[in-house]
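Here is what each chain is made of, one letter per residue.
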Amino acid sequence: MVSFLTHFTAEIRKLKGTRVIWLAAIAPFFVVITAWLAAFLNGDRMYVRGVNPWIDFTGHVLIGWTLFVFPIYVSLLSALFHSIEHRADMWKMVYSLPIPRAVVYFVKFLLFTAIVFFSHILLWGMAESGGWLLGIARPSLDFQFYSLHRVLLEGCSGCFLAGLGVVAIQFFLGFRYSSFLIPAGMGLLITMTGAISRSWPVSQASPYLWAVSFFNSSIDVHNWQYIFILLGIVTYCLVGLAGKYSAPDRI
Amino acid sequence: MTPIIQISQLSHCFGKQQVLHDLSLEIPSGSLFGFLGPNGSGKTTTIRLLLGLLKSQNNAIRIFGQDIRSCRESILRRTGALIESPALYLHLSAHDNLEIIRSARQSDKRQLAEVLEIVGLSGQARQKTGEYSLGMRQRLGIAMAMIGNPELLILDEPTNGLDPAGIRQIRELLLALCQHHGKTVFVSSHLLDEIEKTVSHLAILHDGRLLFQGSLAQLHEQQPLQLAIETDNNLHAAEILRNANFRIPEITQDRLFVAVAEKHQIDRINRLLLEEGLCVYELNRKQRTLEEVFFSMTADPSRINL
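Nothing here was measured: the structure is a model prediction, and the numbers come from that model.

Quick look at the confidence of the model for chain A
And then number 1: The share of residues in chain A with pLDDT of 70 or more is 97%, and the mean pLDDT across the chain is 91.
And then number 2: Of all the helices and strands in chain A, helix 1 (residues 2–14) of chain A carries the lowest mean pLDDT, 87, while helix 5 (residues 101–137) of chain A carries the highest, 96.

Here's the deal with the sheet that holds strand 14 (residues 280–286) of chain B
All names here are of chain B.
And then number 1: Overall, antiparallel pairing links the four strands, which are arranged 12-13-11-14 in an open sheet. Edge positions in the sheet fall to strand 12 (247–251) and strand 14, since each of these pairs with one other strand and no more. When strand polarity is set aside, the average angle formed by the axes of neighbouring strands in this sheet is 25°.
And then number 2: Relative to strand 13 (residues 256–260), strand 12 is paired through three bridges, and the arrangement is antiparallel. Looking across to strand 13, one finds that E250 is bridged to F257.

A look at the UniProt feature "transmembrane region" (unreviewed entry) in chain A
And then number 1: Per the UniProt record, "transmembrane region" (unreviewed entry) is found at residues 20–41, 61–81, 102–127, 147–173, 180–200 and 224–243 of chain A.
And then number 2: Here residues 61–81 of chain A runs as 100% helix and 0% strand, with 25 Å between its end C-alpha atoms.

Thoughts on the side chain of S83 of chain A
All names here are of chain A.
And then number 1: Here S83 lies in helix 3 (residues 53–86).
And then number 2: A relative accessible area of 16% means that S83 is categorised as buried.
And then number 3: A distance of 2.7 Å separates a polar side-chain atom of S83 from the backbone oxygen of L80.

Thoughts on the UniProt feature "domain: ABC transporter" (unreviewed entry) in chain B
And then number 1: Feature annotation in UniProt assigns "domain: ABC transporter" (unreviewed entry) to the following positions: residues 5–232 of chain B.
And then number 2: Taken end to end, residues 5–232 of chain B has its terminal C-alpha atoms 54 Å apart, with 34% of it in helix and 29% in strand.

What to know about the nonpolar core
And then number 1: Residues Y73 of chain A together with L140 of chain B are the most contacted members of the largest nonpolar core, which totals 152 residues.
And then number 2: Ranked by residues supplied to this core, first place goes to helix 3 of chain A with 13 residues.
And then number 3: One finds I240, F246, I269 and L273 of chain B within the second-largest nonpolar core, a separate group that totals 18 residues.

What to know about the interface of chain B and chain A
And then number 1: Contact residues are listed per partner, giving 27 residues for chain B and 26 residues for chain A.
And then number 2: Buried area between chain B and chain A, summed over both chains or domains, comes out near 2500 Å², and the portion from carbon and sulfur atoms is 60%.
And then number 3: Interface area lost by chain B to chain A is led by L53, Y89 and H91 of chain B, which between them contribute 24%.
And then number 4: One can count two salt bridges joining chain B with chain A.
And then number 5: One can count 11 residue pairs in polar contact (both at pLDDT 80 or more) joining chain B with chain A.
And then number 6: Class assignment of the residues belonging to the side of chain B that touches chain A gives a composition of 13 nonpolar, five polar and nine charged.

Some points on empty space enclosed by the protein
And then number 1: Scanning the entire structure with this criterion turns up four cavities of 30 Å³ or more.
And then number 2: Approximately 170 Å³ is the volume attributed to the largest cavity.
And then number 3: In this structure, the largest cavity is lined by 15 residues; those nearest its centre are M93 and S96 of chain A together with A81, L82 and M144 of chain B.
And then number 4: Residue composition of the lining of the largest cavity, by class: 10 nonpolar, three polar and two charged.
And then number 5: Roughly 90 Å³ of volume is contained in the second largest cavity.
And then number 6: Lining the second largest cavity are 13 residues, with T159, L174, V187, E194 and T198 of chain B sitting closest to its centre.

Considering the domain arrangement of chain B
And then number 1: Domains assigned within chain B are domain 1 (3–220) and domain 2 (224–287).
And then number 2: The C-alpha centroid of domain 2 of chain B is placed 44 Å from the C-alpha centroid of domain 1 of chain B.

Some words on the sheet that holds strand 3 (residues 32–36) of chain B
Residue and element names in this part refer to chain B.
And then number 1: With respect to topology, six strands assemble into an open sheet ordered 6-7-8-3-9-10, the strand pairing being mixed. Bordering the open sheet on either side are strand 6 (79–82) and strand 10 (209–215), each of which pairs with just one other strand. When the angles between neighbouring strand axes are averaged without regard to direction, this sheet yields 10°.
And then number 2: Sheet analysis places strand 7 (residues 152–156) next to strand 8 (residues 184–188), joined by five bridges and oriented parallel. Residue pairing in the sheet places L155 in a bridge with V187 of strand 8.
And then number 3: Taken strand by strand, helix 11 (residues 290–299) contacts strand 3, strand 9 (201–206) and strand 10, and its axis lies near 30° from that of strand 9.

What counts as what
- Residues numbered from 1 in each chain as written.
- Chains lettered and ligands numbered in written order.
- Predicted model: local features only at pLDDT ≥ 70, side-chain atom pairs only at ≥ 80, totals over all residues.
- Heavy atoms only, no water.
- pLDDT = per-residue confidence, 0-100.
- Helix = DSSP H or I, 4+ residues; strand = E, 2+ residues; numbered from the N terminus.
- Pairing = 2+ DSSP bridges.
- Axes fitted to C-alpha atoms, helices over the stretch in contact; angles between N-to-C directions.
- UniProt positions renumbered as here; feature names shortened; annotations may be inferred.
- Buried < 20%, exposed > 50% of the residue type's maximum accessible area, 1.4 Å probe, protein only.
- Polar contact = N/O pair within 3.5 Å; in protein donor to acceptor, adjacent residues only side chain to side chain.
- Core = buried A, V, L, I, M, F, W, Y, C linked by side-chain atoms within 4.5 Å.
- Contact = heavy atoms within 4.5 Å.
- Buried area = accessible area lost by both parts, 1.4 Å probe.
- Salt bridge = Lys/Arg side-chain N within 4 Å of Asp/Glu carboxyl O.
- Nonpolar A, V, L, I, M, F, W, Y, C, P; charged D, E, K, R; others polar.
- 1 Å grid on protein atoms, 1.4 Å probe; cavity = no way out; pocket = protein on both sides within 12 Å on 5 of 7 lines; lining within 4 Å.
- Points joined across faces, edges and corners; volume = space filled by probe spheres on them.
- Domains from an automatic or database assignment.

Shown next as structure tokens:
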């Protein structure tokens, strides 16, 4: 346990001065600021008076995040995250330290997951703050009279859990291949393919679409497909474990 | 001295290519052990196997009396290593790089300042290592290997990229670590002159096969003795000695060199030359340098009498 915690702290230290944390913050910021600007500039036409404006605003944030930004963000993140070790052939140093190889792998796996989780917390916080700011900046939209706290929180949580499958797959690709292009390029390609073929039922088999499929094109909680959360968690556990045993020793 | 590293009949293949052939080595505890060999001879592969970075195909490696395959972490806790060029997080400072190693080794925080002082990087501890020169990186790599006060240091080309002053500094550091701190230092290097000045024991590897292991004195003892002779007529002296079945490997303007198998032949050579009326100005046993021995061994390994 001591080894696990000390190694986790050391892994966090390695992120200092990298673009990993910046990316984790910029990705949700990009989605929220886009939805916010759309509401601020075009809200009068987008929102029906007398209807809770948070519904559409939350929908824009969550669907925008899950359909495009989230899978692309995870793909780029995996490439950036693993380049810390790949870039200067750090594996020989990492594996010549008295740390079990399983600890090396799982600490990285959990830290990667924690960064994605951090982005979802930011997404939730920024969306809440964005709506609140709209209530001040554009009182005519009526954001200040309504709220959708629970849906936004549950939506962000569901999106994170349903997206865990992609997290594990992209982590494995980044860990396995030292080239930046493979995890980033494959993630981008699969995301684009999924977005284009989203109307085909078979596309729902792609873990890259599970986060958006969870919402079933709606932020009505009764429409949400919780099976994708289950699939995300199961895939995360299976790919995470298989990754440890199928990845070659990085040296 | 008891061996701290024991390698017995270690073989290793990359695919179908065998890179190590039944390598057996014993590194005495407290020694400064030089590991020599041309590029591609299997030095780095051996070092990677020693550190468990490559899986050995049999239980051929024992360090501190333990099998590297089953006791990897316990061995690595007592071993510091620098493999080829130092692996550094270039976006971090020297202090942060050392702190990562220190936390993994769970050693005292005060050690960071100590090792930085030893390698002369105290003033640049907060500078990003990406801005370091090659020599500074090399010195930081050695500092990283020293974190945790390991009993055994395995250093692959530690003087790479260092200027003469830096090389001398590392030489003195290695000697001090070995002589005053009781460390065992296993060092591979291409700088034969440096190895000769530093090591107590050495091994020579060629094409994955061990050509020699032992002390420097033993290596020199194994080499055929050469006698440097200066007379008033070196050409005539060479003719006399050839006629007496002596081998003359080299004749220069001033001297001739004669291969002798035993000491008593020196006396015979002297008598022969004097009896022929030559004036003998010099009879000197020539000690071959490590460089000469190394090149003669690796050029024609079959000539080596192990």
